[in-house]
Amino acid sequence: MMAPRPEESESLHPGLAEPRTHEDWFDYVFYEPPPPPHLPPYDIYLAMDKEDPERRRLDHSRNQYHSALVLAWTPAVRHFESEITELLAANEMAPPGARLGLLIDGPPTVGKSTLVKMIGRKFEQGLRRDFPERFAPRLGVYVPVVYISLTDQVTPKQISLAIARYLSVSTSGTKDTVDDRVLTAITACGTQLLIFDDLHFLDCSHKEGRASNDHIKFLANHTPCTIIGTGVDLEESPLLSEGGPSGPVKSNTRVKSPPSSGPRTQTAGRFSRQELAPFTLDSKTEILWWVGVVHSLENALCLYRHEKNSLTRRHWRYLHARTNGSIAGLHALLRRSAVRAIAQGTEAVTREIMDSIVLSYAHERAYAKVVELQSRQSAKSRSKLNKKPSAAEGNA
Ligand SMILES: Nc1ncnc2c1ncn2[C@@H]1O[C@H](COP(=O)(O)OP(=O)(O)OP(=O)(O)O)[C@@H](O)[C@H]1O
Ligand SMILES: [Mg+2]
């Protein structure tokens, strides 16, 4: 049964869930986040009673808008966009066999899933603009992008079933039957970009891990598409190495890792691996990247009394410490602060409001460490100052 479209029901959840079918994906491609609501002058807004339905509706639409906030085309997103676009172009008419794919490896919540979906969406929007005839209703449906979010302990058959469901192909029958239908459907639907999100679910320790890995290789060989994978600690996964020690990985965006020293798998010969790491402030360029992201999110706030660029100019370092350089932490902190600023009537994202928000366990723990380090350092420098002999004492 087809899910009702948003315009068919006012009571549907207005947010987007992870796409599981090509219809979900098309919704994502066409989805436009709520625009900033038009605000009446502040004195008129203040004159409205808090329970006034008009004010409640206005606040609700501002909350909806802030809950989506903007997605930032960070330098890392742009870098991977150009890598993927180039791969797609280089692979399009390549001879059958292993086409080069890309694995994006990074710790949790650095924005891997968001990034691949932003890039996949833009790629499809470009195709819709350049080749509208391909999307015209016909016997088969044109699905240039397939996005599969893997589930834990995924088996080869489950991977094929997920693609089959996505492409509206029958899921009955043996693995071989479903595999066969999936390969035919991928070609018939014109799929060019096949995205596997959360590839680390191909767990080494699970008996199906190796088999799923071999299945990815099988798909890479037998479909004409470019495969992009994301995951956590992929270097340690059976996709790239059959085990053995690997060198430490520098935490930075866009840095290729040193090769693992375990025996290579066949997928290792088909995929390049690049890292996506939290933002760091180790150089002027990195600081500019971070400040740029803060600026693009701050600029999107829809509040009456927020001092323009106050976060960008005064609080960028605090925001980095507070979120450990994580785009997820920053996005969440600003979304919640904006909602709280409206509820409390301060109408500005201030240091006080940001301090009062409790972020994820991981972000709060990392921030607690920064605060502890800072207080130890300032205690140290205070005691140094106290011990410093005065000029007279020094001469004595
Ligand atoms: N480019 C971006 N601009 C603004 N916010 C972003 C961006 N990328 C990610 N985020 C924020 O970070 C959140 C987490 O991102 P995402 O789920 O993509 O991370 P992930 O690396 O896939 O995490 P996990 O490893 O846990 O799956 C998003 O819901 C969004 O709020
Ligand atoms: Mg993810």
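Residues numbered from 1 in each chain as written. Chains lettered and ligands numbered in written order. Predicted model: local features only at pLDDT ≥ 70, side-chain atom pairs only at ≥ 80, totals over all residues. Heavy atoms only, no water.

A.B. asks: Quick question: what am I supposed to make of the nonpolar core here?
C.D. replies: Note on soluble globular proteins: their nonpolar side chains tend to be buried together. Residues Ile159, Ile163, Leu167, Phe196 and Leu199 are the most contacted members of the largest nonpolar core, which totals 60 residues. If we ignore the near neighbours within four places in the chain, the residues touching Leu167 are His22, Val143, Val146, Ala185, Ile186, Cys189 and Thr191. (Core = buried A, V, L, I, M, F, W, Y, C linked by side-chain atoms within 4.5 Å. Buried < 20%, exposed > 50% of the residue type's maximum accessible area, 1.4 Å probe, protein only. Contact = heavy atoms within 4.5 Å.)

A.B. asks: Can you walk me through the sheet that holds strand 5 (residues 271-275) in this structure?
C.D. replies: The strands that make up a sheet are held in pairs by hydrogen bonds between backbone atoms, and each pair lies either parallel or antiparallel. With parallel pairing, five strands are arranged side by side in an open sheet as 2-3-4-1-5. Each having just a single partner strand, strand 2 (145-149) and strand 5 make up the two edges of the open sheet. The average angle at which neighbouring strand axes cross in this sheet is 15 degrees, direction not considered. Sheet analysis places strand 1 (residues 101-105) next to strand 4 (residues 226-231), joined by four bridges and oriented parallel. In the sheet register, Leu103 faces strand 4, and the bridge partner there is Gly229. In this fold helix 6 (residues 156-166) packs onto strand 2 and strand 3 (193-197), with an angle of close to 135 degrees to the strand it touches most, strand 2. (Pairing = 2+ DSSP bridges. Helix = DSSP H or I, 4+ residues; strand = E, 2+ residues; numbered from the N terminus. Axes fitted to C-alpha atoms, helices over the stretch in contact; angles between N-to-C directions.)

A.B. asks: What should I look at first to understand the site of ligand 1 in this one?
C.D. replies: Around ligand 1, a shell composed of 17 residues is seen, among which Ala72, Lys112, Ser113, Thr114 and His331 lie nearest. Here an oxygen atom of ligand 1 sits 2.8 Å away from a polar atom, N or O, in the side chain of His331. Starting from 630 Å² of accessible surface for ligand 1 in isolation, the protein chains cover 78%. Mapped onto the shell around ligand 1, the elements with two or more residues apiece are helix 5 (112-130) and helix 12 (327-344). Broken down by class, the residue content of the shell around ligand 1 amounts to nine nonpolar, five polar and three charged. Looking at the shell around ligand 1, you find at least three residues from each of domain 1 (75-275) and domain 2 (282-377). (Near = heavy atom within 4 Å. Polar contact = N/O pair within 3.5 Å; in protein donor to acceptor, adjacent residues only side chain to side chain. Areas by Shrake-Rupley, 256 points an atom, 1.4 Å probe, with all protein chains shown as cover. Nonpolar A, V, L, I, M, F, W, Y, C, P; charged D, E, K, R; others polar. Domains from an automatic or database assignment.)

A.B. asks: It is not clear to me how helix 3 (residues 53-68) should be interpreted in this structure. Could you clarify?
C.D. replies: Note on helix geometry: an α-helix contains 3.6 residues per turn, so any two residues three or four positions apart are oriented the same way. Relative to the 22 Å expected for 16 residues at 1.5 Å per residue, helix 3 spans 23 Å between its end C-alpha atoms, a close match to the ideal helical length. By the burial criterion, the buried members of helix 3 are Arg55, Leu58, Asp59, Arg62, Tyr65 and His66. Along the axis of helix 3, the buried positions cluster into a sector of 120 degrees, meaning they face one direction only. Exposed positions of helix 3 whose direction lies more than 90 degrees from the buried face are Pro53 and Arg57. As for helix 3, its buried residues are in contact with helix 2 (42-47) and helix 12. At the N-terminal end of helix 3, a side-chain oxygen is found 2.8 Å from the backbone nitrogen of Glu54, two or three residues along, and the residue is Asp52. One or two positions beyond helix 3, positive phi appears at Leu69, with a value near 30 degrees. (Expected span 1.5 Å × (residues − 1). Arc of directions from axis to C-beta.)

A.B. asks: How should I be thinking about the packing of aromatic side chains in this particular structure?
C.D. replies: Two descriptors summarise a pair of aromatic rings, namely the distance from one centre to the other and the angle between the planes of the rings. One pass over the structure, following the stated rule, counts eight aromatic pairs. When the centroid spacing of 5.2 Å and the interplanar angle of 40 degrees are considered together, the rings of Trp25 and Tyr28 count as tilted. On the criterion of helical spacing, the pair formed by Trp25 and Tyr28 is a turn pair, its members being three residues apart in helix 1 (residues 22-30). For the pair shown, Trp25 and Tyr28 are each scored as buried. An aromatic cluster is present here, built from Trp25, Tyr28 and Tyr147 joined pairwise through their rings. Positioned above the aromatic ring of Tyr28, the side-chain terminus of Arg121 is 5.9 Å from the ring centre. A cation sits over an aromatic face here: Arg134 above Phe131, 3.8 Å from the ring centre. (Phe/Tyr/Trp six-rings, centres within 6.5 Å; stacked < 30°, edge-to-face > 60°. Lys NZ or Arg CZ within 6 Å of the ring centre and 35° of its normal.)

A.B. asks: Got a minute to help me understand unusual backbone geometry in this structure?
C.D. replies: A negative phi holds for most residues other than glycine; trans holds for most peptide bonds. Of note, Asp198 is a non-glycine position whose phi angle comes to about 65 degrees, a positive value. Following the sequence through the fold, Asp198 ends up in the loop between strand 3 and helix 8 (209-222).

A.B. asks: Would you mind showing me how to read the side chain of Thr226 here?
C.D. replies: For Thr226, the position within the fold is in strand 4. Setting aside chain neighbours within four positions, we find Thr226 in contact with Leu87, Leu88, Asn91, Leu100, Gln192, Leu193 and Leu194.

A.B. asks: For this particular structure, what's the right way to read the pairing of strand 1?
C.D. replies: In the case of a regular strand, side chains alternate between the two sheet surfaces. Of all five residues in strand 1, five are buried; the element is thus mostly enclosed. Judged by which residues are buried, strand 1 turns out to be covered on both faces: Gly101, Leu103 and Asp105 on one side and Leu102 and Ile104 on the other are all buried. The pairing of strand 1 with strand 5 spans five bridges and is classified as parallel. When the bridges of strand 5 are listed, Gly101 appears paired with Phe271.

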